[in-house]
Every structure is written in C-alpha cells, then in structure tokens.
Amino acid sequence: MDPHFFDKAEAALPAVCRDGADMALVLGSGWGGALETDDVLARVPYGDIPGMGQASVPGHSGEFLLYRRHGRRVAAFCGRRHWYEGVGWETVVMNVELARRIGAKTVLLTNASGGLNPALKPGEFVILRDHINTVGVNPLIGPLVEGWGPRFPDMGEVYTPLLRNVLHDAARKEGLRVIEGVYAFTSGPVFETPAEIRAYGRWGADIVGMSTVPEATFAHACGMSVAGLSVISNMAAGIGLEPLKHEDVLNASKAARPAMAALIDSFVRNAPLSA
Ligand code: HPA
C-alpha cells in the first residue's frame, strides 16, 4: 500500500478530528443502525473522503462519525469497503488508517457471517478469537512503512483477550448466549460452495465472511488493540437448507439490532483504552 494514498483523506476530516479519538468502531452489514450517540462532533459521507468512495453494498450506509459517548470520543465507520469490490487494499483498510492517524488505539470490527459451527443459530453473536485468511494475500504486502508495524508481524493474538472479556461481560449483562470462534475470511463476492465450507470447518472455522480480516491484520500490525464481533445472519452453504441471499443477511441483522446496540454501547463504555 502507498502511505500517501491516505493523506488527502486525512486532510478531508473536519478539524475536530485532530483533537483525537479514544477508539474506533467499524460497523458492517446491518450494524450501522445500532449506534447510540450523545453528541455528534463530525459527520462525513464516505463520498467526501478521497479514496474511500461510496459503499456499493446494500445495508452499508457509508458515513464517518466522530461522536462522544460515556465521556469517550468514538470514531465510527458506518459501512465498510470490501476486497471483492475491487477497490484495492488502501480503500479497504482506510477506516483503520484514519482511526490510527487520529489517535485511536482500540478498534471494534463488526460483521455479519455465515455459521459453520452447528451450535450456532442465525441472530446469535460470535466474539472473534482468531481467524483464517483463506485469500492468501493481505494489505501489508508492499513496502515497509513506518507506523504500520514490523516486516513480519506476530499474529499469535490478533484479538485482544481483555477486549474479548469486555464483549463477554456485555453479552452476559444482556442475557445473550455467545461463543468465541474462528472466522474464515473469503474473498467473495460469491458465497462459498458446500465443499469449501466442509473444508473450512475441518480447518477449525466456526464462521465465514468476506470482511474484517484485512482490517484486523492491519490494525494489529500497527499495534492497535483489536476486537471482532459477528452476528450470524445465516447458516453457511450446505449447512443451512436455503440458497444464500444477501436479503437474509440484512433481515437477520435487523432482528438482532437491539442486542447489537447494547453490545456496542457496553463496549464503548467499558473497553480499557490502553488495552
Ligand atoms: N458466507 C460469506 N459471507 C457471509 C455469509 C456467508 O455465508 N453470511 C454473511 N456474510
């Protein structure tokens, strides 16, 4: 990636962003409506952020918010860009790079995913414990850039245990059943074949989706504390009986919205900022 790609985007953020952010949220499919804000300090449509571009996926609203909540300054990216959109890694991880440039050291990445683990049901939540990058490429391929971590980042613990505990506590308070799981990242835009799903299951994946891993990889390499939270929108190919449709992804996330809002709010309130 070219580090200068992000300069114009950073310059397009309102001046109030330069006073910093305590944490960042990336809100994936269906999560965008789950924010509770006390005080919005800045609101920028993605179309006004050079290089970010309009989100092209239904259910991804496409705006950046800086807001205050529970005394914390939160940078929220409502909607994300995906590798399958063909937009390049800079655009895919711009959310994390902008958050990093304005000082956020903690990031919560959310998504909707397909369930492989038969113990899961649509509408339930999985806290990411680890991931498998089935795509085999990642945003750090390229020149070594100061601030983006070492040449060979350790990936032993991408998802910070303290932040996973914050999400467990939040779920417990809401009476939600959650498990920790392994997320398999695929390129999309196709859903998987049943044979692929069987293979990923044998590799140890609990859930599958087309996002999050590029951002988690990049944020972790940069030294940020990372949490990942997924809502199960469907059972993965060959496990559920129905053909997979993006509408189902959106409907399942809509039904889970009150729970999503509570989990996010608890995270914003309780995440240790220097974790
Ligand atoms: N596969 C890949 N990505 C997804 C799925 C799925 O089943 N559900 C939601 N995002």
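Up top you'll find the structure we're talking about.
Let me sum up the structure you'll find in this document.

### Describing the side chain of Asn 111
In step 1: Relative to the elements of secondary structure, Asn 111 occurs in strand E5 (residues 106–115).
In step 2: A distance of 2.8 Å separates the side chain of Asn 111 from the side chain of Thr 212, its partner in a polar contact.
In step 3: Apart from the residues lying within four places of it in its own chain, the contact partners of Asn 111 are Trp 31, Arg 80, Tyr 183, Ser 211, Thr 212, Leu 229, Ser 230 and Val 231.

### Focus: the packing of aromatic side chains
In step 1: Under the counting rule described, the total for this entry stands at seven aromatic pairs.
In step 2: Measuring from centroid to centroid gives 5.9 Å for Trp 31 and Phe 125, while their planes differ by 70°, and the two rings are edge-to-face. You can see Trp 31 sitting in the loop between strand E1 (23–27) and strand E2 (39–45) and its partner Phe 125 sitting in strand E6 (residues 125–133), a full 94 residues away along the chain.
In step 3: Look at Phe 125 and you get buried, because its relative accessible area is 2%.

### Section: the pattern of salt bridges
In step 1: In the structure shown here, the tally under the stated rule is 14 salt bridges.
In step 2: The partner of Glu 36 in a salt bridge is Arg 69, with the nearest N and O atoms 3.2 Å apart. Linking Glu 36 in the loop between E1 and E2 with Arg 69 in strand E3 (residues 63–69), this pair joins segments that are 33 residues apart in sequence.
In step 3: Overall, the relative accessible area of 13% leaves Arg 69 in the buried class.
In step 4: In this structure, a network of salt bridges that share partners links the residues Asp 7, Glu 10, Glu 97, Arg 100 and Arg 101.

### Quick look at the environment of Ala 271
In step 1: Locating Ala 271 in the fold gives a position in the segment after helix H8 (257–270).
In step 2: Here the alpha-carbon distance between Ala 271 and Glu 90, two residues 181 residues apart in the chain, equals 27 Å.
In step 3: Here Ala 271 is in contact with Met 23, Arg 72, Leu 163, Val 166 and Ser 266, once residues within four sequence places are set aside.

### A look at the site of the ligand
In step 1: Taken together, Ala 112, Ser 113, Gly 114, Phe 191, Glu 192, Val 208, Gly 209, Met 210, Ser 233, Asn 234, Leu 244 and Val 249 make up the full set of residues near the ligand.
In step 2: Between a nitrogen atom of the ligand and a main-chain N or O atom of Ala 112, the distance comes to 3.4 Å.
In step 3: The separation between a nitrogen atom of the ligand and a polar side-chain atom of Asn 234 is 2.7 Å.
In step 4: The fraction of the free accessible surface of the ligand (260 Å²) that becomes covered by protein chains is 94%.
In step 5: Counting residues per element, the ones that place at least two in the shell around the ligand are E5, strand E8 (207–209) and strand E9 (225–235).
In step 6: Ranked by residues supplied to the shell around the ligand, first place goes to E5 with three residues.

### Description of the layout of surface pockets
In step 1: Volume-wise, the second largest pocket comes out at about 250 Å³.
In step 2: As for the second largest pocket, its lining consists of 16 residues, of which Asn 138, Leu 140, Arg 151, Pro 153 and Thr 217 are closest to the centre.
In step 3: Tallied by class, the residues present in the lining of the second largest pocket amount to 10 nonpolar, five polar and one charged.

### Thoughts on H8
In step 1: With 14 residues, H8 ought to run about 20 Å at 1.5 Å a step, and its terminal C-alpha atoms sit 20 Å apart, in line with that.
In step 2: Burial analysis of H8 places 10 of its 14 residues in the buried class, the great majority of the element.
In step 3: Inspection of H8 places Ala 259, Met 260, Ala 261, Ala 262, Leu 263, Ile 264, Asp 265, Ser 266, Phe 267 and Val 268 among the buried residues, and these make up the whole buried set.

### Digging into the side chain of Asp 206
In step 1: For Asp 206, the location among the structural elements is in the loop between helix H5 (194–203) and E8.
In step 2: Although buried, Asp 206 forms no salt bridge, and the nearest oppositely charged side chain, Arg 129, lies 5.0 Å from it.
In step 3: A polar side-chain atom of Asp 206 sits 3.0 Å from a polar atom in the side chain of Asn 117.

### What about the environment of Thr 110?
In step 1: Here Thr 110 is to be found in strand E5.
In step 2: You can call Thr 110 buried: its relative accessible area is 0%.
In step 3: Measuring from C-alpha to C-alpha, the distance between Thr 110 and Leu 162 comes to 17 Å, with 52 residues separating the pair along the chain.
In step 4: Other than its neighbours up to four places away in sequence, Thr 110 contacts Val 26, Leu 27, Gly 28, Trp 31, Arg 80, Thr 212 and Leu 229.
In step 5: There is a polar contact of 3.1 Å between the side chain of Thr 110 and the backbone nitrogen of Gly 28.

### Some remarks on unusual backbone geometry
In step 1: The omega angle of the peptide bond from Gly 188 to Pro 189 is -5°, so this bond is cis rather than trans.
In step 2: In this structure, Pro 189 sits in the loop between strand E7 (178–185) and H5.
In step 3: Phi is positive for His 70, which is not a glycine, with a value near 50°.
In step 4: Looking at the secondary structure, you find His 70 in the loop between E3 and strand E4 (72–78).
In step 5: Phi is positive for Thr 212, close to 70°, though the residue is something other than glycine.

Conventions used here
Residues numbered from 1 in each chain as written. Predicted model: local features only at pLDDT ≥ 70, side-chain atom pairs only at ≥ 80, totals over all residues. Heavy atoms only, no water. Helix = DSSP H or I, 4+ residues; strand = E, 2+ residues; numbered from the N terminus. Polar contact = N/O pair within 3.5 Å; in protein donor to acceptor, adjacent residues only side chain to side chain. Contact = heavy atoms within 4.5 Å. Phe/Tyr/Trp six-rings, centres within 6.5 Å; stacked < 30°, edge-to-face > 60°. Buried < 20%, exposed > 50% of the residue type's maximum accessible area, 1.4 Å probe, protein only. Salt bridge = Lys/Arg side-chain N within 4 Å of Asp/Glu carboxyl O. Near = heavy atom within 4 Å. Areas by Shrake-Rupley, 256 points an atom, 1.4 Å probe, with all protein chains shown as cover. 1 Å grid on protein atoms, 1.4 Å probe; cavity = no way out; pocket = protein on both sides within 12 Å on 5 of 7 lines; lining within 4 Å. Points joined across faces, edges and corners; volume = space filled by probe spheres on them. Nonpolar A, V, L, I, M, F, W, Y, C, P; charged D, E, K, R; others polar. Expected span 1.5 Å × (residues − 1). Lys, Arg positive; Asp, Glu negative; His and termini not counted.

Without other data, these values stay purely geometric and don't point to any function.
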